[in-house]
Amino acid sequence: MAAPARPPRPQHVMEVVSRERISPSLVRLVVGGDGFDSFAPSESTDSYVKIVFAKPELGLTPPYDLAALRETLAPEDIPVTRTYTVRSVDANARTLTLDFVVHGDEGLAAPWAREARPGDPIVFMGPGGAYAPDPEADWHLLAGDASAMPAVAAALEALPADARGYAFLVVDHADDRLELPHPAGVEIVWAVGAEAGAATGLLAETMVSRDWPEGRVHVFAHGERESIKQVRRLLKERGIPREQISISGYWAHGRNEDRFQSEKRTDIGRID
Ligand SMILES: Cc1cc2nc3c(=O)[nH]c(=O)nc-3n(C[C@H](O)[C@H](O)[C@H](O)COP(=O)(O)OP(=O)(O)OC[C@H]3O[C@@H](n4cnc5c(N)ncnc54)[C@H](O)[C@@H]3O)c2cc1C
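Engineer: Mind laying out the sheet that holds strand β7 (residues 121–128), listing which residues take part and the relevant values?
Structural biologist: Strand order in the open sheet formed by seven strands is β4-β3-β7-β1-β2-β6-β5, and the pairing between neighbours is antiparallel. Only two strands of the sheet have a single neighbouring strand rather than two, namely β4 (80–85) and β5 (88–90). Averaged over all pairs of adjacent strands, the angle between strand axes in this sheet comes to 40 degrees, irrespective of strand direction. The sheet contact formed by strand β3 (residues 48–53) and β4 spans six bridges and is antiparallel. Residue pairing across strands places Phe53 opposite Val80, the latter belonging to β4.

Shown next, in the form of structure tokens:
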């Protein structure tokens, strides 16, 4: 007997409220509107949504019946998704903030965000997410590139005031080093260089530039896939138990997100 079809994930249909270039590499969109009422914020600091992109020339009206479209449209016309962290939610203003790395003219989400205007529609599913800093941990190790900065920033804001640890962040430009509110006992260590996010070993190298405290650490490490594999190796060398680690690739060089996600089921896509 065939497995029962999964019920469709609800789609939230909102609109762009504002766009701001917050650094050379990051564009911030605030989105809101009536669709906010269907969105249930998550407790996870790495909460994320899947933005649905449909070809404008098809004239489809959201929410999309993705199951039906998969049956009827040519493969290249089926809407695709791109994953973005919910940087913050403002329940009073009924808005969400999303920060997009702008990485040139390739791709869907980044070029769209760079040109987005107030009133433009945005359709997404979610939120998903699984990590929040463990208040019982002795110290915290956060690590990532610009794509993980929204999640790292949200984690830093959620840490208790007496938390200790490090946030290691690699960015392309000095001006990408945003002021991120954080507990006094957590040091933010930046590594800057042209295409730093692309430099595979830089994140792991930066992480060993500091002495790691004794005690039980809680790790959050996400970003470019190959650089995260190096981080995983480092964490293994240091004997950190898997259950204390949240780790994954957020993107991979030369792959759009569709291919990146499908490679998760293959050797090259595996972090562990
Ligand atoms: C759980 C999760 C949360 C994420 N949160 C965020 C977030 O808050 N902000 C954010 O910017 N990204 C985030 N990402 C990463 C984002 O989903 C990918 O970068 C995605 O590929 C961007 O889609 P695109 O349409 O712009 O480019 P795609 O069409 O997917 O890719 C086109 C080309 O651009 C390259 N590319 C993709 N991303 C980058 C990048 N960051 N830097 C340089 N080159 C790149 C690809 O290698 C490819 O060659 C997250 C990913 C996951 C899994």
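Engineer: Before we move on, could you go through the pairing of β7 and cite the residues and values that matter?
Structural biologist: The sheet contact formed by strand β1 (residues 11–23) and β7 spans five bridges and is antiparallel. When the bridges of β7 are listed, Met14 appears paired with Ile122.

Engineer: Explain helix α3 (residues 149–158) to me, and be specific about the residues and the numbers.
Structural biologist: Where burial is concerned, most of α3 is hidden: eight out of the 10 residues are buried. Among the residues of α3, Met149, Pro150, Ala151, Val152, Ala153, Ala154, Ala155 and Leu156 are the ones counted as buried.

Engineer: Tell me about the pattern of salt bridges, and name the residues and values.
Structural biologist: Considering all chains together, one arrives at 18 salt bridges under this definition. Among the salt bridges present, the one from Arg94 reaches Asp37, with a minimum N-O distance of 2.8 Å. Note that Arg94 is positioned in the loop between β5 and β6 (95–101) and Asp37 in the loop between β2 (26–32) and β3, a separation of 57 residues in sequence. A relative accessible area of 31% places Arg94 in the partly exposed class. Of the residues examined, Asp37 reaches a relative accessible area of 57% and is grouped as exposed. Between Arg232 and Asp272 there is a salt bridge whose closest N-O contact spans 2.4 Å. Of this pair, Arg232 sits in helix α5 (residues 225–237) while Asp272 is found in the segment after α6 (257–263), placing the two residues 40 residues apart along the sequence. Note on Asp272: relative accessible area 49%, which makes it partly exposed. What emerges from the salt-bridge pattern is a single network uniting Arg225, Glu226, Lys229, Arg255, Arg259 and Glu263.

Engineer: Explain the side chain of Ser23 to me, and be specific about the residues and the numbers.
Structural biologist: On the secondary structure map, Ser23 appears in strand β1. In this structure the side chain of Ser23 is engaged in a polar contact, spanning 2.6 Å, whose partner is the side chain of Asp176. Non-local contacts of Ser23, meaning those with residues more than four positions away in its chain, are made with Asp175, Asp176 and Leu178.

Engineer: How would you explain the site of the ligand if you had to name every residue and give the values?
Structural biologist: Residues in contact with the ligand amount to 24 residues; listed here are only the nearest, Thr83, Val101, Leu108, Ala252 and Glu257. Ala110 has a polar backbone atom sitting 3.0 Å from an oxygen atom of the ligand. In isolation the ligand offers 900 Å² of accessible surface; the protein chains occlude 91% of this area. Of all elements in the fold, only β4, β6, α2 (109–115) and β12 (245–251) reach the threshold of two or more residues within the shell around the ligand. The element that contributes the greatest number of residues to the shell around the ligand is β4, accounting for four residues. Looking at which domains feed residues into the shell around the ligand, each of domain 1 (11–128) and domain 2 (139–269) gives three or more.

Rules and cut-offs
- Residues numbered from 1 in each chain as written.
- Predicted model: local features only at pLDDT ≥ 70, side-chain atom pairs only at ≥ 80, totals over all residues.
- Heavy atoms only, no water.
- Pairing = 2+ DSSP bridges.
- Helix = DSSP H or I, 4+ residues; strand = E, 2+ residues; numbered from the N terminus.
- Axes fitted to C-alpha atoms, helices over the stretch in contact; angles between N-to-C directions.
- Buried < 20%, exposed > 50% of the residue type's maximum accessible area, 1.4 Å probe, protein only.
- Salt bridge = Lys/Arg side-chain N within 4 Å of Asp/Glu carboxyl O.
- Polar contact = N/O pair within 3.5 Å; in protein donor to acceptor, adjacent residues only side chain to side chain.
- Contact = heavy atoms within 4.5 Å.
- Near = heavy atom within 4 Å.
- Areas by Shrake-Rupley, 256 points an atom, 1.4 Å probe, with all protein chains shown as cover.
- Domains from an automatic or database assignment.

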